[in-house]
Amino acid sequence: MADKAQLQEAIKTQGEVVRKLKSEKASKEEIDEEVAKLLQLKAQLGGDEGKHVFVLKTAKGTRDYNPKQMAIREKVFNIIISSFKRHGAETIDTPVFELKETLTGKYGEDSKLIYDLKDQGGELLSLRYDLTVPFARYLAMNKITNIKRYHIAKVYRRDNPAMTRGRYREFYQCDFDIAGQYDAMIPDAECLKIVYEILNELDLGDFRIKVNDRRILDGMFAVCGVPDEKFRTICSTVDKLDKMAWEDVKKEMVNEKGLPEDVADQIGEYVSMQGGQDLAERLLQDPKLSQNKQAYAGLTDMKLLFSYLELFQVTDKVVFDLSLARGLDYYTGVIYEAILSQTIPAPVSTPTEQNGADEGGVSVGSVAGGGRYDGLVGMFDPKGRKVPCVGVSIGIERIFSIMEQKAELSSEKVRTTETQVLVASAQKNLLEERLKLTNELWNAGIKAEVLYKKNPKLLSQLQHCEETGIPLVAILGEQELKNGVVKLRNVASREEVDVPRADLMDEIKKRTL
């Protein structure tokens, strides 16, 4: 009994914690976490007869998708895949888990976010963290030296989830990569063109694509006086500039990473620079930076990249930004990131689901990123043979968050089915005729439905169409059967026309395609 009393006391205390957070208007993630703890305590207490109460919830950082959300997701995928295919990509798939050693040492400070699977006396395995390292393993294992591929699949990160901003522990990545030995900057420019195309077509609002080069960054660190062994860790700190003010980034460099203040100040001067081809030309004249071999090579390529981007007509959205660092260890050349220039306002009634909006709307930040990683495949090849690669990853979950918010704000109804026509009857005892006609439509490749009732009312059949967005109703009655016609009704306009049974398929296709 003492245990039960202690549990009841713990439930009471935890209930107060939840109430306090709600009254203080704490973040949704904090409240959800404490509510989950409360539910677990209640589950331990059990029901009236001491039964264990099972808590129905998704795991932290994951979500379900309802049919409406799936319809939006499918639309997004179709736009992205058609762009990848337009550029001649083929697709592959790899296992959801890899050998632990395949993933180890590839992600710098982010390695702590890898999900390791429990050792069950076999191979040590981890869930994939991204699609790039498995792709590099695939190339090395199959001795592939050139391929243009896309891959859409789920990845896993033990991150602190921010569900409202589309940051999860299980999420989709959409990757496009070009592997192979090609002339400088041509594949890199195509990757940027793809990002531009996709974001334009998704119509998410204004965006910017920031570009930089790992060689320029490393050269900059060298001329500013950063010791070689601190390049990667300082790079990770610079990568936080999109989330933190320069003063805080500088503090981390000096206080946590042990960098002299004057070195941090020099870095600060460079990372505040933004521009286009003109900035690359200016930095090529920079007395310090132009003397560094790596930076000089990076700047020369940056100038070339912008000349190709001009031909692809994308320079209006691309900016050369020296603060862009991208924390992953495997980048060796050009790096880029696409950022939305605005937040999406929250709907009037904020949803209470896990994917609901913050009061200020959905602020999503980066929606695509990538770069050149020429050394990664060589890490897996027994002879260290390198396969140069460049690629881009589309931040699909963040894009879903925005599209869902836009759907909430819009009066337009999202259709969750693709049914073209409902086969209905106006009188009783016509089930067999309805089923016969439905079968004919299916056999002709038409998406058709029929209500699962022997004698449904015509009104309820029409209401079903209104609710689900079915555009046409094929109505059968004694008279229509006698005359060899079907009454075809347009649900929106309510206009009806008699169509000869033999012409019905063509008429439906004509009206719904």
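If you look the protein up in an unreviewed UniProt entry, it shows as histidine--tRNA ligase from Cirrhinus molitorella. Per its UniProt entry, the protein bears the Catalytic activity (unreviewed entry) comment "tRNA(His) + L-histidine + ATP = L-histidyl-tRNA(His) + AMP + diphosphate + H(+)". Taken directly from UniProt, the Sequence similarities (unreviewed entry) text for the protein runs: "Belongs to the class-II aminoacyl-tRNA synthetase family."

Q: Please explain the nonpolar core as it appears in this structure.
A: What tends to happen in soluble globular proteins is that the nonpolar side chains get buried as a cluster. If you look at the biggest cluster of nonpolar residues, it comprises 100 residues, and the most contacted ones within it are Phe84, Phe221, Ile267 and Phe320. The element contributing the most residues to this core is helix 6 (residues 186-202), with nine residues. Contacts of Phe84, omitting those with residues within four sequence positions, involve Ala89, Tyr150, Cys174, Asp175, Phe176, Ile194, Ile198 and Ile394. Residues Val421, Leu476, Val486 and Ile508 belong to the second largest nonpolar core, which totals 15 residues.

Q: Would you mind going over a nonpolar patch on the surface with me for this structure?
A: There is a patch of nonpolar side chains on the surface, built from Val96, Phe97 and Leu117 and spanning about 210 Å² of accessible area. Its place among the elements puts Phe97 in strand 2 (residues 97-99).

Q: I'm lost on the pattern of salt bridges in this one. Help?
A: Two side chains of opposite charge can pair, provided their charged atoms sit close to one another. Tallying each qualifying case throughout the model produces 32 salt bridges. Taking the shortest distance from any N to any O, the salt bridge between Glu404 and Arg63 comes out at 3.0 Å. Taken as a pair, Glu404 in helix 14 (residues 396-409) and Arg63 in the loop between helix 2 (28-45) and helix 3 (67-86) lie far apart in primary sequence, 341 residues in all. Notably, a salt bridge pairs Glu433 with Lys436, separated by 3.7 Å at the nearest N-O pair. Of the two residues, Glu433 and Lys436 both sit in helix 15 (residues 431-443), three residues apart, roughly one turn of that helix. Given the relative accessible area of 23%, Glu433 is considered partly exposed. Residues participating in the shared-partner salt-bridge network are Glu495, Glu507, Lys510 and Arg511.

Q: So what exactly am I meant to see when it comes to the sheet that holds strand 11 (residues 389-394) here?
A: One key point about sheets: their strands pair by backbone hydrogen bonds, in either a parallel or an antiparallel sense. Read across the open sheet, the nine strands follow the order 1-4-5-11-10-9-6-8-7; overall the sheet is mixed. In this open sheet, the two edge strands, each paired with only one partner strand, are strand 1 (90-91) and strand 7 (274-275). When strand 10 (residues 366-372) meets strand 11, the two strands line up antiparallel, connected through five bridges. When the sheet's bridge partners are listed, Gly370 is paired in strand 11 with Val392. Contacting strand 4 (147-156), strand 5 (170-179) and strand 11, helix 3 crosses the sheet at an angle of about 10 degrees to strand 5.

Calculation notes
Residues numbered from 1 in each chain as written. Predicted model: local features only at pLDDT ≥ 70, side-chain atom pairs only at ≥ 80, totals over all residues. Heavy atoms only, no water. UniProt positions renumbered as here; feature names shortened; annotations may be inferred. Core = buried A, V, L, I, M, F, W, Y, C linked by side-chain atoms within 4.5 Å. Buried < 20%, exposed > 50% of the residue type's maximum accessible area, 1.4 Å probe, protein only. Helix = DSSP H or I, 4+ residues; strand = E, 2+ residues; numbered from the N terminus. Contact = heavy atoms within 4.5 Å. Patch = residues over 30% accessible without salt bridge, like charges linked within 9 Å, V, L, I, M, F, W, Y side chains within 5 Å. Areas by Shrake-Rupley, 256 points an atom, 1.4 Å probe, with all protein chains shown as cover. Salt bridge = Lys/Arg side-chain N within 4 Å of Asp/Glu carboxyl O. Pairing = 2+ DSSP bridges. Axes fitted to C-alpha atoms, helices over the stretch in contact; angles between N-to-C directions.

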